[in-house]
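# Coordinate analysis (summary)
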Amino acid sequence: MVAGAACLRLAARSDLWRRAGRELLRRRPIAMAFVALFVVVGLLDSIAWIGRGADDEGGNTLALNQPRSIVDRAFAADFQERSYSAPLADVEFYGGRPLGNPGAHLLGTDILGRDVLHRTLKGVRIALLIGGLTSLIVVPLALLFGISAGYFGGRVDDVVFFVMSTLASIPSLLLLIALIMALGRGPVQVCVAMGVTSWVGFCRIVRGESLKLRELDYVQAARALGVGEGRIIVRHILPNLMHLVVITFVLLFSGLVLSEAVLAWLGIGIDGSWGQMIDLARDELARDPVVWWNLSAASAGLFGLILAVNLVGDAVRDVLDPRTLQENL
C-alpha cells in the first residue's frame, strides 16, 4: 500500500503520466473501473483486526483472538449453513432442510456451508497478491540483470547469460514445485518461488533491447560528454524500456494468477484462492444434480480480473510506447 501510494504520488508529478492517466480513462473506462473495484475489495480484505464486530453481539461463539477483515465483517458470524444450498435458496440443495439464513446466499454455499460470495471476495486479495507481488519481484530482477548484461557486456554479460541458461534448462514447473516444498505454501513463499522461476524470459528481452539502445547516437553522445554510466542508464536506457515493463507486468500478472490455479489443481495452491475453489469444485460437476455455482463464481472472478488487467495493460502500452508518443506529437 505504501509503495503504491508513493508510485501514484510520483506519477501525479509527471506530465507524461498525467496525460497517460487521462488517455487511459478515455480509452478503457469500464476496464479501469473493474480493476479499481478489484483493488478496493483486496484492500478491504487486507484491513483486519481482532475483536467483536456489530454482528458478533448477542452471544455468538466467534473466537475473540481471530482477526477479521472488513470483508469478513460484511457477513454475519453465523452465516454458515450445514451443506450445499443453491443461489438465493430457502432450503438445502440436498435434503431440503430449511436454511438458517433463507434467501440470503446470493451465490449459494459450498459443501461445508460456507457462503460462495464471501469466498469469492476473499480470493481477490490472494489473486492480487500473487500477480502483483510476484511481478514486483520479477520485473526489478529482470531489469537489473538484463540492463547490466546488455549495456556493460563482457564478463557481466557472460555471467548473467550463464545464470539465465542454467535456470532455463530446468523445467520451470518442477523447479517451482521444489521451491514451494522447500519454502512453504504461504502466500509470500509462493510469490518468491514464482518470482525466482519467472524472470528469465523478460531478462532476455531487456538484454536484447539494452544491446540495441547502447549503440544509439544520443547514448554515444552522452558517453562522449563524460556522463556517468549510471546516469545514462537511468535517463536514457530505462525510460525506453518502460513500455516493455508495462506490457510484461500485465502478461506476468495474468500468467501468474493462472499459474496459481494450476498449482491448486496439483494440490499445492494457496488456501482460499480461486484456484483452490476451482480444484474443490471438480467433483461437484459429477454430482446429480450438478453443483455449478462454486466453479462459476471462481471462474467468473478469475476471468473478470485477467480480462480487465489485460485491457488496461494494452491501453497503457499504447500510451507509453515511444513510437506512439512520436506519432501523436
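Notes on the structure in this doc start here.

Quick notes on the rules
Residues numbered from 1 in each chain as written. Predicted model: local features only at pLDDT ≥ 70, side-chain atom pairs only at ≥ 80, totals over all residues. Heavy atoms only, no water. Helix = DSSP H or I, 4+ residues; strand = E, 2+ residues; numbered from the N terminus. Buried < 20%, exposed > 50% of the residue type's maximum accessible area, 1.4 Å probe, protein only. Contact = heavy atoms within 4.5 Å. Areas by Shrake-Rupley, 256 points an atom, 1.4 Å probe, with all protein chains shown as cover. Polar contact = N/O pair within 3.5 Å; in protein donor to acceptor, adjacent residues only side chain to side chain. Patch = residues over 30% accessible without salt bridge, like charges linked within 9 Å, V, L, I, M, F, W, Y side chains within 5 Å. Salt bridge = Lys/Arg side-chain N within 4 Å of Asp/Glu carboxyl O.

## Thoughts on the overall build of the protein
On a plain count of helices and strands, the protein comes out with 15 helices and 2 strands. The buried share among the 329 residues of the protein stands at 40%. In the protein, 65% of the contacts between residues at least 6 apart in sequence involve partners at least 24 apart. In the form shown here, the protein has an accessible surface area of approximately 17500 Å², with 65% of it arising from carbon and sulfur atoms.

## Some thoughts on the side chain of S69
Relative to the assigned elements, S69 resides in strand β2 (residues 68-69). Polar side-chain contacts of S69 include one of 2.7 Å to the side chain of D45. Each residue touching S69, except ones within four places of it in the same chain, is listed here: L44, D45, I47, A48 and K122.

## Focus on a nonpolar patch on the surface
Among the surface-exposed residues, V40, L44, I47, W49 and I70 lie close enough to one another that they form a single nonpolar patch of about 390 Å² accessible area. Tracing the backbone through its elements, the reader meets L44 in helix α3 (residues 29-46). Assessed through its relative accessible area of 32%, L44 is described here as partly exposed.

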